[in-house]
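Listed below are the residues making up each chain.
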Amino acid sequence: MSSLQALCSGLPLRPLPENRGRWAGVPHAPVRTPGLSPAEEQLALKNALRYFPPDAQELLAPEFAQELRLYGHIYMYRFCPDIKMRAYPIEQYPCRTRAAAAIMHMIMNNLDPAVAQFPQELVTYGGNGQVFSNWAQFWLTMSYLSQMTEEQTLVMYSGHPLGLFPSSPGAPRLVITNGMVIPNYSSRTEYEKLFAMGVTMYGQMTAGSYCYIGPQGIVHGTVLTVLNAGRRYLGVKDLAGKVFVTSGLGGMSGAQAKAAVIVGCIGVIAEVDKAALMKRHQQGWLMEVTDSLDHCIERLREARKRKEVLSLGYHGNVVDLWERLVHELDTTGELLVDLGSDQTSCHNPFNGGYYPVQLGFAEAQSLMASDPAAFKSLVQESLRRQVSAINRLAKENFFFWDYGNAFLLEAQRAGADVEKKGANKTEFRYPSYVQHIMGDIFSQGFGPFRWVCTSGDPQDLAVTDELATSVLEEAIADGVNPAVKLQYVDNIRWIREAARHRLVVGSQARILYSDQKGRVAIAVAFNQAIARGKIKAPVVLSRDHHDVSGTDSPFRETSNIYDGSAFCADMAVQNFVGDAFRGATWVALHNGGGVGWGEVINGGFGLVLDGTQEAEQKARMMLSWDVSNGVARRCWSGNRKAHEIICQTMQDNKGLVVTLPQEVADERLLQQALRL
């Protein structure tokens, strides 16, 4: 068993570790089919071998070549560390800076088998969200971090640690870019080749930026989404007896079961991968499981009648479930579902993100590797069937939304009936949850703020929960507008429920949705508690890239921006740069994430609070920018709520000066001018 000291000593070369191959008993990534030419295969092998001295290359070359041909990528299984991968307490990492130790803590959490979807392939979530491209990169990164001083910055190119470069104490200690491919070559086909050659990587959002906190992050987002969907679509605050049907129990989607319980509804979640389903059941996130559609429908009816709180996992394809619900409606007249969505990894539909209803799980994986074209055809047929069933139910009092996973986008590409007449190209027959449910929250500056207690001590997390709750309660007492108060109340409820439901998986982390004032106040409270010793070790602040300012994604985060700029990525890039020089400990900028490669630019940060006055100053400056950037952008696009928020922010902060858009008072002016 390796130690943390050994893990930070560079690539283990003399002797080479034993090649234990793929582990049994853990999930593995689907076989990739990059379609490399012989010359490209040689280049992929050459690129992998350049991490190793010539005396090791003779042994490793045939081994890596076999990995490439068997799995479509060189993961370097031989170098998968023989250590219990988890987020160790920060003081155990052999580092010269606290910042480096905090980054190590976050990296190892992303690769913890209890957290990661495919740990041996370095995939944290989403089917292809990589932390690194191969294990050599992991070893080198840990070595660089252990050496790094406060006057160096580690530069990461799509998983590859380029090196330590001189910088200043105020600069980020780590700068990450993932998937920064020239736009004309940012296609799925090109990506598969470039990833196989080891020169780029899909970091999803928080996988490649080392900020994932387990499924808790999406639990909170799903709780708020379902609560607000009930208010908006059903006109109810109490979801007792209401049925929410969806799919996916993987790295992110696994949160749906727990979210259904927290909001008090009946959640029915379909999952084709039995290992993923049973993992959630064993964690206690899924209350019941069945592989019988008959039993599923019977149990659903019973729970509706009794208004039970239930999370029911159906081991099978969600298309079968949707079609059965249509059958029940057409034969009995009974609508058994109120709310619906989908959380399959549809950003990656032809490489394991979506499984067609026509095949079983193992059969689908085999066809995916042996005949990608036939597999794609079946996936698209399955998407058309799924949409057809949803459309039938939507004629009744049933409401469906896209969860930002590219489901409707891929359904449209498959020829499904998702068109919304007279709409712009970011709108479909059913709304994105950002457009109708979360969009107003983003416009007010609310988004997924999170923190990690690097001591690894649950008591530290309990202290931060108390502090965050107090900050929000004090803000309410001081007086806030009703819309902001509603969000604060929802988040106070969330913190209390999160502790009660034991949502921590991996690092001692928490998430809540907060606005600019709330984030800054919470950060200051944490930093002061660290200074007083009430919290025993530094706290890492972060957020999901899916936030107010972090992501330009026309089919999700910026889908409710209608001035024509939804396809422009200035906001996310400016956010990355602005966070870097305002105090972030590390920053990341990614192509892809959520809705898929080439569809989005997004970025994130990590900020280490260590109890110093300098840390407080950085938090105040950086967190203010990290929110106000996106609010100002939404204001300029014509959003009235964002306009109100940015005006208030300018009153509170005289250093902020934003040009406000002028309304075109008379639309006839435009028509008359264009007729000229």
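Quick caveat, the model's predicted, so the values are computed rather than measured.

What follows is about the UniProt feature "domain: Urocanase N-terminal" (unreviewed entry) in the protein. Per the UniProt record, "domain: Urocanase N-terminal" (unreviewed entry) is found at residues 85-211. Between the C-alpha atoms that bound residues 85-211 there is a distance of 16 Å. The span itself is 28% helix and 18% strand.

A word on the environment of Asp338. Relative to the elements of secondary structure, Asp338 occurs in the loop between helix 11 (318-332) and strand 10 (339-340). Along the chain, Asp338 and Leu393 lie 55 residues apart, while their C-alpha atoms are 9.3 Å from each other. With residues near it in sequence (within four places) discarded, Asp338 still touches Leu234, Gly241, Lys242, Val243, Asn397, Phe398 and Phe399. A polar atom in the side chain of Asp338 sits 2.8 Å from the backbone nitrogen of Val243.

This next bit is on the packing of aromatic side chains. This structure, assessed with the given rule, holds 26 aromatic pairs. Ring geometry for Phe244 and Trp401: centres 5.6 Å apart, planes at 5°, overall stacked. Pair noted here: Phe244 is in strand 6 (residues 243-247) and Trp401 is in the loop between strand 11 (399-400) and helix 15 (407-413), with a separation of 157 residues, a long-range link. Both residues of the pair, Phe244 and Trp401, belong to the buried class. Ring centres of Trp322 and Phe400 lie 6.2 Å apart, and the angle between their planes is 70°; this geometry places the pair in the edge-to-face category. With a gap of 78 residues between them, Trp322 in helix 11 and Phe400 in strand 11 connect regions that are remote in the sequence. Its relative accessible area of 0% is what places Trp322 among the buried residues. The structure contains a cluster of three or more aromatic residues connected by ring pairs, namely Trp322, Phe398, Phe400, Phe407 and Tyr430. Across from the ring centre of Tyr88, 4.1 Å away, lies the NZ or CZ of Arg86, which sits over that ring. For Arg280, the ring lying beneath its charged end belongs to Trp285, and the centroid distance is 6.0 Å.

Domain boundaries assigned for the protein yield domain 1 (4-146 + 184-197), domain 2 (215-418) and domain 3 (439-506 + 508-652). Taken together, the contact pairs 13 residues of domain 1 with 18 residues of domain 2. Both sides together, the interface formed by domain 1 and domain 2 hides about 1200 Å², and carbon and sulfur atoms give 47% of it. In terms of surface lost to domain 2, no three residues of domain 1 exceed Pro30, Thr33 and Arg188, which account for 39% of the buried area on that side. Taken together, domain 1 and domain 2 are joined by one salt bridge.

Conventions used here
Residues numbered from 1 in each chain as written. Predicted model: local features only at pLDDT ≥ 70, side-chain atom pairs only at ≥ 80, totals over all residues. Heavy atoms only, no water. UniProt positions renumbered as here; feature names shortened; annotations may be inferred. Helix = DSSP H or I, 4+ residues; strand = E, 2+ residues; numbered from the N terminus. Contact = heavy atoms within 4.5 Å. Polar contact = N/O pair within 3.5 Å; in protein donor to acceptor, adjacent residues only side chain to side chain. Phe/Tyr/Trp six-rings, centres within 6.5 Å; stacked < 30°, edge-to-face > 60°. Buried < 20%, exposed > 50% of the residue type's maximum accessible area, 1.4 Å probe, protein only. Lys NZ or Arg CZ within 6 Å of the ring centre and 35° of its normal. Domains from an automatic or database assignment. Buried area = accessible area lost by both parts, 1.4 Å probe. Salt bridge = Lys/Arg side-chain N within 4 Å of Asp/Glu carboxyl O.

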